[in-house]
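Here's the letter readout for the chains.
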Amino acid sequence: MVQSSKLLSFALAVSACAVPALAGQVQLSDLQLPPSAAGVQATVKQMFVDSYNAYRNYAWGHDDLLPVSASFTDGRNGWGASIIDGMATMYIMGLDDFFEEALNFTQFINFNESQVIETVSIFETTIRYVGGLLSAYELSGKQHQILVDKAKEVADKMAYAWQTDPDQTIPFGEIWFSDNTAVVDTSNIAEAGTLDIEWSRLTLYTGNETYTKLTEGSVRTIANLVTPLPGLAPQGIDPSSNTFVGDYLTWGGGSDSYFEYLIKYPRVTNIDDNLFADTWHAAVDSSISNMARQSTVGNYTYIADWDEGELIHVASHLECFHGGNWIFGGHLLNNQTIIDYGLELVDACWNTYASTTTGIGPEVFYFLANDQWNGNGVPSQDELTFYNEHGFWITSSDYILRPEVLESNFYAWRSTGDTKYLDRAASAVDSLKKYLPQPSGGYAGLNDVDNPSAGFIDDQESFWFAEVLKYLYLTFDDPEHVSLNDYVLNTEGQPFEAPPAKDVYGSGQPAVVAGQFVSKTGLPLPAISPNKYLPSPLPTPTTS
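Residues numbered from 1 in each chain as written. Predicted model: local features only at pLDDT ≥ 70, side-chain atom pairs only at ≥ 80, totals over all residues. Heavy atoms only, no water.

S.K.: Go over the confidence of the model for the protein, please, and point to the residues and values.
M.R.: Of the residues in the protein, 91% have a pLDDT of 70 or more, and the chain-wide mean is 92. This model gives residues 1–22 a pLDDT under 50, and the stretch forms 54 contacts once residues within four places in sequence are excluded. When the criterion is pLDDT under 50, residues 535–544 qualifies, and its contacts beyond four places in sequence or with other chains add up to 20 contacts. (pLDDT = per-residue confidence, 0-100. Contact = heavy atoms within 4.5 Å.)

S.K.: Got a sec to walk through the sheet that holds strand β15 (residues 393–396)? Specific residues and values, please.
M.R.: Reading across from one edge, β13-β14-β15 is the order of the three strands in this open sheet, with antiparallel pairing throughout. Lying at the two open borders of the sheet, with one neighbouring strand each, are β13 (314–316) and β15. With direction set aside, neighbouring strand axes in the sheet form an average angle of 35 degrees. In terms of strand pairing, β13 meets strand β14 (residues 364–366) through three bridges, oriented antiparallel. Looking at β14, one finds that A315 is bridged to F365. (Pairing = 2+ DSSP bridges. Helix = DSSP H or I, 4+ residues; strand = E, 2+ residues; numbered from the N terminus. Axes fitted to C-alpha atoms, helices over the stretch in contact; angles between N-to-C directions.)

S.K.: Provide a residue-level description of the sheet that holds strand β7 (residues 236–238), including the pertinent values.
M.R.: The strand order across the open sheet built from four strands is β6-β7-β8-β20, with neighbouring strands paired in mixed fashion. Each having just a single partner strand, β6 (187–188) and β20 (519–520) make up the two edges of the open sheet. Where β6 meets β7, two bridges bridge the pair, whose relative direction is antiparallel. From the neighbouring strand, N188 faces β7, where its bridge partner is G236.

S.K.: Which residues make up the UniProt feature "binding site: Ca(2+)" (unreviewed entry) in the protein, and what are the values?
M.R.: The sites that UniProt annotates as "binding site: Ca(2+)" (unreviewed entry) are T491. Residue position: T491 is located in the loop between β18 (487–489) and β19 (495–497). Its relative accessible area of 16% is what places T491 among the buried residues. If we ignore the near neighbours within four places in the chain, the residues touching T491 are F123, I127, T194, S257, E260, Y261 and E467. (UniProt positions renumbered as here; feature names shortened; annotations may be inferred. Buried < 20%, exposed > 50% of the residue type's maximum accessible area, 1.4 Å probe, protein only.)

S.K.: Requested: an account of helix α11 (residues 275–290), with residues and values cited.
M.R.: The end-to-end C-alpha distance of α11, which contains 16 residues, comes to 22 Å, matching closely the 22 Å that a straight helix rising 1.5 Å per residue would cover. Most of α11 is tucked away, with 14 of its 16 residues classed as buried. (Expected span 1.5 Å × (residues − 1).)

S.K.: Lay out the packing of aromatic side chains with the relevant residues and their values.
M.R.: Enumeration over the complete set of coordinates arrives at 33 aromatic pairs. Consider the rings of Y302 and F367, whose centres lie 4.3 Å apart with planes at 25 degrees: the pair is stacked. A residue pair is termed long-range when its members are at least 10 positions apart, and Y302 in strand β10 (residues 301–303) and F367 in the loop between β14 and α14 (381–390) qualify at 65 residues. The residues Y302 and F367 share a single accessibility class, namely buried. Site record: aromatic cluster; members linked through ring pairs are F48, Y52, Y55, W60, F98, F105 and F465. One residue, K157, lies across the ring of F177, its end atom 5.3 Å from the ring centre. (Phe/Tyr/Trp six-rings, centres within 6.5 Å; stacked < 30°, edge-to-face > 60°. Lys NZ or Arg CZ within 6 Å of the ring centre and 35° of its normal.)

S.K.: Hey, could you go over helix α9 (residues 210–223) for me, with residue numbers and the actual values?
M.R.: Spanning 14 residues, α9 covers 20 Å between terminal C-alpha atoms, matching the ideal 20 Å at 1.5 Å per step. Summarising burial for α9: 11 of the 14 residues are buried, a large majority. The complete set of buried residues in α9 reads Y211, T212, L214, T215, E216, G217, S218, V219, T221, I222 and A223. Where α9 is buried, its residues contact α6 (145–158), α7 (189–193), α8 (196–206), β8 (243–245), α10 (256–269) and α11.

S.K.: Can you explain the packing of helix α15 (residues 404–416) against helix α16 (residues 420–435)? Please cite residues and give values.
M.R.: Two measures define how a pair of helices packs: the angle their axes make with one another and the distance between the axes. In contact at an axis separation of 9 Å, α15 and α16 are set at 150 degrees when each is read in the N-to-C sense. Here α16 runs roughly antiparallel to α15, going by the angle between their axes. Judged by the twist between their axes, the crossing of α15 over α16 is left-handed. Contacts from L406, N409, A412, W413 and T416 in α15 reach Y421, L422, R424, A425, A428 and L432 in α16. Each residue belonging to the contact of α15 with α16 can be placed in one class, and the counts come to eight nonpolar, two polar and one charged. (Parallel < 35°, antiparallel > 145°, perpendicular 65-115°, else oblique. Left-handed = near helix turned anticlockwise from the far one by under 90°. Nonpolar A, V, L, I, M, F, W, Y, C, P; charged D, E, K, R; others polar.)

S.K.: Tell me about a negative patch on the surface, residues and numbers included.
M.R.: Negative charge collects at one region of the surface, where D30, D478, E480 and D486 lie side by side. Its place among the elements puts D478 in the loop between α17 (463–475) and β18. For D478, a relative accessible area of 45% gives the class partly exposed. (Patch = residues over 30% accessible without salt bridge, like charges linked within 9 Å, V, L, I, M, F, W, Y side chains within 5 Å. Areas by Shrake-Rupley, 256 points an atom, 1.4 Å probe, with all protein chains shown as cover. Salt bridge = Lys/Arg side-chain N within 4 Å of Asp/Glu carboxyl O. Lys, Arg positive; Asp, Glu negative; His and termini not counted. Charge placed at Lys NZ, Arg CZ, Asp CG, Glu CD.)

Here it is, written out as structure tokens:
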């Protein structure tokens, strides 16, 4: 396939980093906020207060508010996800009454059984509950032992996801708490590889190394398997055999946070093993060399999906975390090429917000590039007209309060000090406040970000509190408060204290795993961070 000279030069520059380099600081020193920042920050805080009060009024003790119908849902096993997921944000915002109320609620949660007749997601429960509890424990001065005790309670139940086989290293994704039996099924690398940050913190505060051994072992297994492209593990994984399922490569859902944690885990632990940082380095290098493309309109930089060697020009809101992640990791590797590339990804994702009627970005979108189009979706005339104006077209138009574009924008601001990122965040605040509020006080999603009259999505998921409002608040907060030089945020936006930075992360060389790629075919893949309002994922990966 044709590769632009610009992208090729990026790839060569990344591969050329052959010697260890001193890790840079992620965040600029002496960042200065303009006077207008305080007003925007106050608006974000009020948005939290309003939407959380709506939750308290209509959904207290349940997982999420249904903001349109003023009711509730229990999609995270009924343990009060919005409370636990929002605790760190409450503390950061100085909402002491909310935090104390949440702390009191925590002691009465019974994590030994699901409050609804559903399986428990190892991934979602880890990032929201274990992550939320332990982040709140750290931020509040490590004085509330109940937060550690409750994190341990739920993790001890989830540990049965590894117990099907004595030699099992990758957990199954779902488990029944009623009898501690795992659902024997395929999983994906995001579910299996996004646990080690949270569980290693549990080791830190309990002294039990088993939590780290289990979750770190899962990542080690995946990272040591031969992949179609260096560092880029396929989306699907079979825990029963430690074998990939298919060969679909993406930075989007099903894979996203596996790659995210490859570079965040060494920073939050200062582990001496270079496997994690070097595998992340290899994944970025392979992505730039093989999957990076620029749109024929606007020259926006995207990372295409890869299916059996064929590129699919698709991107998503979920995938838009990658810009911030590349900025973060580029600093740790002291690699300006990766940082610059991350900033381009941030620009492309922000363009999806700037291009819609509401100023909010869509769930899934496609683009055209100067290489062979594989036929996996041809734009209609209306879509082509939109593309010719904006450099992408929308294939799934909904917005379910996702944070990733605002998350990466936050990293870009803290890394560069360029006030355009503040302007973008302020614009997003205006849009969210204009189009999402409901009479209940809650904030609802949109069926169509380019047509607000298409109606609302009746759900206010807990990541609205944990991520969207936290990233916006921190964007306009004192940069030394939760500095990216001192904290690592998990994939749910929960901050964890990081030790003083090492002089180097990784060996300076992308990881290489020798051997022949092996995968299973024809097995189904579960979704990660699923959007229940879509009839099916777009695109649908093949597993041949």
